[in-house]
Structures are given as structure tokens and as C-alpha cells.
Amino acid sequence: DTIALEVAKQLEWSVVTAEGFRSKERPINVNRPTEGIGLTSANERHTKRAATVFAAYRRCILHLQKSPEFYVEIHGQGRFPHMEVAVVGLTPAESKTVKSILSQAFGRDVEMAVEGVDGVFYAAAGAKKFGLLGKMRRALHIELDWLQRRDQRDETVRALVKALPLIQDALR
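Let me sum up the structure you'll find in this document. Bear in mind that the values here come from a model prediction, so they are computed numbers and not experimental data.

Basis of the calculations
- Residues numbered from 1 in each chain as written.
- Predicted model: local features only at pLDDT ≥ 70, side-chain atom pairs only at ≥ 80, totals over all residues.
- Heavy atoms only, no water.
- Helix = DSSP H or I, 4+ residues; strand = E, 2+ residues; numbered from the N terminus.
- Expected span 1.5 Å × (residues − 1).
- Buried < 20%, exposed > 50% of the residue type's maximum accessible area, 1.4 Å probe, protein only.
- Pairing = 2+ DSSP bridges.
- Axes fitted to C-alpha atoms, helices over the stretch in contact; angles between N-to-C directions.
- Contact = heavy atoms within 4.5 Å.
- Parallel < 35°, antiparallel > 145°, perpendicular 65-115°, else oblique.
- Left-handed = near helix turned anticlockwise from the far one by under 90°.
- Nonpolar A, V, L, I, M, F, W, Y, C, P; charged D, E, K, R; others polar.
- Core = buried A, V, L, I, M, F, W, Y, C linked by side-chain atoms within 4.5 Å.

## Focus: helix α6 (residues 153-170)
Right, so step 1: In this model α6 runs 25 Å from its N-terminal to its C-terminal C-alpha over 18 residues, within 8% of the 26 Å that 1.5 Å per residue would give.
Right, so step 2: Along α6, the positions that sit buried rather than exposed are Thr-156, Val-157, Ala-159, Leu-160, Val-161, Ala-163, Leu-164 and Ile-167.

Okay, here's the thing in C-alpha cells:
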């Protein structure tokens, strides 16, 4: 996604993006070897083509860094008018810190839910169970809402550029 590319460019972080794999005709979940849109992880289909795409994605990620200390996935969702953040390897106190840093960076008007502090719909269960997310020591799976990705794109990039290094430092 262009947001992930711009954030990584400004932070001078490595980035891997995948586009064109998710459609109703080809519902490949690039960050895990499954297919399906709007399904629970238990109902997603494990297919050969999804496994092939995931293997390429995994190779790209691990080529950049064999064992990332801090891993971030940025996704988009259109179900809720707020940001959701699933976490891996964080204590409830660390999740509160993540929420505080994101809230300060995005401003008070931006609604968000952070796993470990709030209930989240997008807990990234499939990516944690079958994908790289569950293999990471510490990770964030960020789901940006439609406005953040379209109408507020520049503000979203600025906020993520401000917040992510602070979160990375706080989790060391």
C-alpha cells in the first residue's frame, strides 16, 4: 500500500508490499497461506496458490531481516470508522503504551482500539496462527479505516512516522 511505502521511506525502514492478490475472484491472504474474505481463520481455505504467494512474501520479509525485533503490518479495513491494532508479544502495560503513543500522534479525534487494552474485531487470528505475525517476538498489525487511507492519508502517514519509532523504542 502507498501508506506503508511512504512511512517506510520516511523512516528509512525496510518494506515489503503486496498488491493485486485480494479480490473476490482471488481472495489470497498474502500474510498467511490461506484464501478467503470476511471469514474467520478457521473457515479460510488453505490452497496451493495461497501457499505459493505466502512463501514468496515470507522469503521477502526474511531476506530483509532474518529475525525482526519489531515487525509492523499495515492493512486497510472498511468495516469500522476507527483504527484497530492487534499485537504480538506485548504485555497489557505495553499495549497501553502503544495506544498512548498512537493517540498522541494521531490526535484526540481519532478513534482506535488496541488489543490488550480494548476489544478488537481485527485481532489478526489467522496471521498469528498461520502467518509470520505469530512467529514474531513483537509485532503490530495495524488496520486503518477508509478515511485514514483516503481523505486523511497525509495525516495518517505523518502520525505513523511520528509514532512507530517511539513505539519501537518503548518496546526495547
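## Re the sheet that holds strand β4 (residues 71-76)
Right, so step 1: The mixed open sheet is built from four strands, whose spatial order is β4-β7-β5-β6. Only two strands of the sheet have a single neighbouring strand rather than two, namely β4 and β6 (112-114). The average angle at which neighbouring strand axes cross in this sheet is 15°, direction not considered.
Right, so step 2: The pairing of β4 with strand β7 (residues 139-144) spans six bridges and is classified as parallel.

## Some remarks on helix α3 (residues 92-106)
Right, so step 1: With 15 residues, α3 ought to run about 21 Å at 1.5 Å a step, and its terminal C-alpha atoms sit 21 Å apart, in line with that.
Right, so step 2: Its buried side turned inward, α3 meets β5 (83-88), β6, β7, α5 (146-149) and α6.
Right, so step 3: Two residues or fewer after α3 comes Gly-107, characterised by a positive phi angle close to 100°.

## Thoughts on the side chain of Ser-41
Right, so step 1: Along the chain, the position of Ser-41 falls in the loop between β2 (34-35) and β3 (45-46).
Right, so step 2: Ser-41 has contacts with Ala-125, Gly-126 and Phe-130, leaving out every residue within four places of it along the chain.

## With respect to the packing of helix α1 (residues 2-11) against α6
Right, so step 1: Two elements in contact, α1 and α6, have axes whose closest approach is 9 Å; the angle formed by their N-to-C orientations is 45°. Taken together, the axes of α1 and α6 lie oblique to each other. Regarding α1 and α6, the two cross each other, and that crossing is right-handed. Contacts from Thr-2, Ile-3, Glu-6, Val-7, Gln-10 and Leu-11 of α1 reach α6 at Arg-153, Thr-156, Val-157, Leu-160, Val-161, Leu-164 and Pro-165.
Right, so step 2: Considering only residue class, the contact of α1 with α6 consists of eight nonpolar, three polar and two charged.

## With respect to the nonpolar core
A general tendency of soluble globular proteins is for nonpolar side chains to be buried together.
Right, so step 1: Counting 28 residues, the largest nonpolar core has Leu-102, Leu-140, Leu-160 and Ile-167 as its most contacted members.
Right, so step 2: Counting residues per element, the ones that place at least two in this core are α1, β5, α3, β6, β7 and α6.
Right, so step 3: In terms of residues, this core owes the most to one element, α6, which gives seven residues.
Right, so step 4: Once residues within four sequence positions are removed from consideration, Leu-160 is found in contact with Ile-3, Val-7, Ile-74, Leu-102, Phe-106, Ile-142, Leu-144 and Pro-165.
Right, so step 5: Counting residues in hydrophobic clusters, the runner-up holds 17 residues, among them Phe-54, Tyr-71, Met-136 and Ala-139.

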